[in-house]
Amino acid sequence: MPPEDAYTATPFLPARGGLPALGKAAAACRGCPLHRDATQTVFGTGKATARVMLVGEQPGDQEDRQGTPFVGPAGHLLDRALADAGIDPAEAYLTNAVKHFKFTRAEPRKRRIHKAPTLREATACSPWLAAELKTVKPELLVVLGATAGKALLGASFRVTRVRGTLLEEEIHGRPQRLVATVHPSAVLRSDDREAAYQGLVSDLKTAARALE
Ligand code: SF4
């Protein structure tokens, strides 16, 4: 059976090593079918000593091409929102719940249109996120959107119910403080972009206060 049909990244995790070893191993992951069409694995970026870890959904088109998370339009908006909330993006570890871009090719110019990962794909990829959490041990987790929330907290997670509130949950057997908010791409899609942006900044300010 091809490894991607098993839908788990576990066999690809290195036995030891820090973030560099994890990133190198993730580059060769075939734990689910998403690696087939994507350009490359987009692993997390930031210091192992980061106090805050931000977790999004999956790489977008620009991230897939460049191999770095949050470098596209949503990433630029997130940088601005972090700065407005008083969080230095350089001091944060940025990653996604799913490490490969998922898309469909839309005619006539065959543009690559983002497609949300399934729960099965997110579950297959979750060992990488668990390893990042275990290595970085952030004081605070910022959950960006539903896919990240479900990957970390289970299928019943709803951003709208808990956004902007400092929570403490057990994640992978460890108590973890976290704040959930919307994914920055949801702000870009919003009919009232300014109001949605202010909502994101307000939630991130809760995160900033938790780090004081
Ligand atoms: S999405 Fe995750 S589990 Fe699937 S191939 Fe990529 S890194 Fe592996």
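Everything that follows concerns the structure shown earlier in this document.
In this report, the structure presented in the accompanying data block is examined. Just so we're clear, the structure is a prediction, and the values are computed from it rather than from any experiment. (Residues numbered from 1 in each chain as written. Predicted model: local features only at pLDDT ≥ 70, side-chain atom pairs only at ≥ 80, totals over all residues. Heavy atoms only, no water.)

### Description of the packing of helix H1 (residues 19–26) against helix H4 (residues 119–136)
With their axes 10 Å apart at the nearest point, H1 and H4 run at an angle of 170° to one another. By the criterion of interaxial angle, the relationship of H1 to H4 is roughly antiparallel. Two secondary-structure elements touch here, H1 through Leu19, Leu22, Ala25 and Ala26 and H4 through Trp128, Ala131, Glu132, Thr135 and Val136. (Axes fitted to C-alpha atoms, helices over the stretch in contact; angles between N-to-C directions. Helix = DSSP H or I, 4+ residues; strand = E, 2+ residues; numbered from the N terminus. Parallel < 35°, antiparallel > 145°, perpendicular 65-115°, else oblique. Contact = heavy atoms within 4.5 Å.)

### Here we look at the pattern of salt bridges
By the definition in use, this model includes nine salt bridges. Among the ionic pairs, Arg65 bridges to Asp61, the shortest N-O distance being 3.0 Å. Of this pair, Arg65 and Asp61 both sit in helix H2 (residues 61–66), four residues apart, which is roughly one turn of the helix. Residue Asp61 is classed as partly exposed on the basis of its relative accessible area, which comes to 23%. Each of Asp61, Asp64, Arg65 and Arg112 takes part in salt bridges that share partners, so that together they form one network. (Salt bridge = Lys/Arg side-chain N within 4 Å of Asp/Glu carboxyl O. Buried < 20%, exposed > 50% of the residue type's maximum accessible area, 1.4 Å probe, protein only.)

Function-wise, these values are silent; they only describe arrangement.
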